[in-house]
Structure formats: C-alpha cells, structure tokens
Amino acid sequence: MTELLLLNGPNLGILGRREPEIYGTDTLADIEESVAREVADRGWKVVSVQRESEGELIQAVQGAYDTVGAIINPGALMIAGWSLRDALASYPRPWIEVHLSNVWAREDFRHTSVLAPLADGAIVGLGSDGYRLAAQALLAKVPR
C-alpha cells in the first residue's frame, strides 16, 4: 500500500481544545480520518505524525522519503523552522503546507513562512478543510 505523510507540528495535537475560535473544533483525529477518506480510493494509507519537537519532525521527514507526498502543518515552525526547512528541501516528493487559520490576517510575525517557498502549494485559512483540499491537490499532482 502506498503511504501519504501527514505531518503536524507543535501544539496541533490539542486541536479541538486549542483556541477553537481560531483553529476550529475538529480534532487531529478528525482531520486524519478526513484525509484518509479523501485518499482511500487511490489506495493510499495516511501515516500521521504529530510532534512538539522540530528534531522529531525532521526525523519523520527523513524517514518518509518513500511516501507519495506529504501534507505538512508546521505550526509556528513556519516562522523560524530552518532545520525543518533544510529537511524538506531534501524531501523528494510533492508536499503542501497547510495552516488552519489565515496567517496573513493575524499577527505580523506570522506573515512569513520559511517553508512555503519549497512547498508545491500552500493552503491557509480554510480550517480543517484545508487538509482535505491538500489531499485533493496531491491526488492530482501524483501520477497513478
């Protein structure tokens, strides 16, 4: 079975409880199920990794070179996750950066992602639907 990496960074393990007015009420498990349903017809299995540490996220990326692609919500590591950026520069598959909130409608420090220039696309501000849309984009991008 072919695998899709779903990588989530710091503080995303508490989705559903974390500032629901900004991040919504869906849990990470809800998001994982939604992405899994979206890619099931292609025979893809979702490998979900959520870590609080940048080093552990880097290890997950480096261990996922044989996946078909990735959906990545780095959380605040988008701002200064230079080591994660370097790991993603070597990731050999397409990947989409996702953020639940519209980062450009928030504080100024959230307006620049050090990762996005490497991504095949970015989806922001669409809540948990952004993950499903990222899955659709990867389905279109990855040949059968």
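The coordinates are above.
Residues numbered from 1 in each chain as written. Predicted model: local features only at pLDDT ≥ 70, side-chain atom pairs only at ≥ 80, totals over all residues. Heavy atoms only, no water.

A.B. asks: Looking at this model, I keep getting lost on helix α3 (residues 54-62). Mind explaining?
C.D. replies: Side chains three or four residues apart in an α-helix point the same way, a direct result of the helix having 3.6 residues per turn. Within α3, the full set of buried residues consists of Leu57, Ile58, Ala60 and Val61. In an axial view of α3, the angular spread of the buried residues amounts to 160 degrees, which keeps them on one side of the axis. Buried residues along α3 sit in contact with β1 (2-8), β2 (44-50), α4 (77-80) and α5 (82-90). The residue sitting at the N-terminus of α3 and contributing the capping side-chain oxygen is serine 53; that oxygen lies 3.3 Å from the backbone nitrogen of glycine 55. (Buried < 20%, exposed > 50% of the residue type's maximum accessible area, 1.4 Å probe, protein only. Helix = DSSP H or I, 4+ residues; strand = E, 2+ residues; numbered from the N terminus. Arc of directions from axis to C-beta. Contact = heavy atoms within 4.5 Å. Polar contact = N/O pair within 3.5 Å; in protein donor to acceptor, adjacent residues only side chain to side chain.)

A.B. asks: What should I look at first to understand the pattern of salt bridges in this one?
C.D. replies: Pairing is possible between side chains of opposite charge, provided their charged atoms come close. Counted by the stated rule, this structure contains 3 salt bridges. Here arginine 85 ties to aspartate 86 by a salt bridge, and the two come within 4.0 Å at their closest N and O atoms. Looking at arginine 85, the relative accessible area reads 23%, which means it is partly exposed. A residue is classified by how much of its surface remains accessible, and aspartate 86, at 49% relative accessible area, is partly exposed. Among the ionic pairs, aspartate 129 bridges to arginine 132, the shortest N-O distance being 3.6 Å. With aspartate 129 and arginine 132 both in helix α6 (residues 129-141), this residue pair falls 3 residues apart, about one helical turn. Of the residues examined, aspartate 129 reaches a relative accessible area of 39% and is grouped as partly exposed. Exposure remark for arginine 132: the relative accessible area of 26% places this residue in the partly exposed category. (Salt bridge = Lys/Arg side-chain N within 4 Å of Asp/Glu carboxyl O.)

A.B. asks: Sorry, what's going on with the pairing of β1 here?
C.D. replies: Side chains on a regular strand alternate between the two faces of the sheet. For β1, the tally of buried residues reaches 5 of 7 residues, placing the bulk of the element in the interior. As paired strands, β1 and β2 are joined by 7 bridges and run parallel to one another. Among the inter-strand pairings, glutamate 3 is bridged to a residue of β2, identified as lysine 45. By the bridge criterion, 4 bridges tie β1 to strand β3 (residues 70-73) in an arrangement that is parallel. Following the sheet pairing, asparagine 8 is matched in β3 by asparagine 73. (Pairing = 2+ DSSP bridges.)

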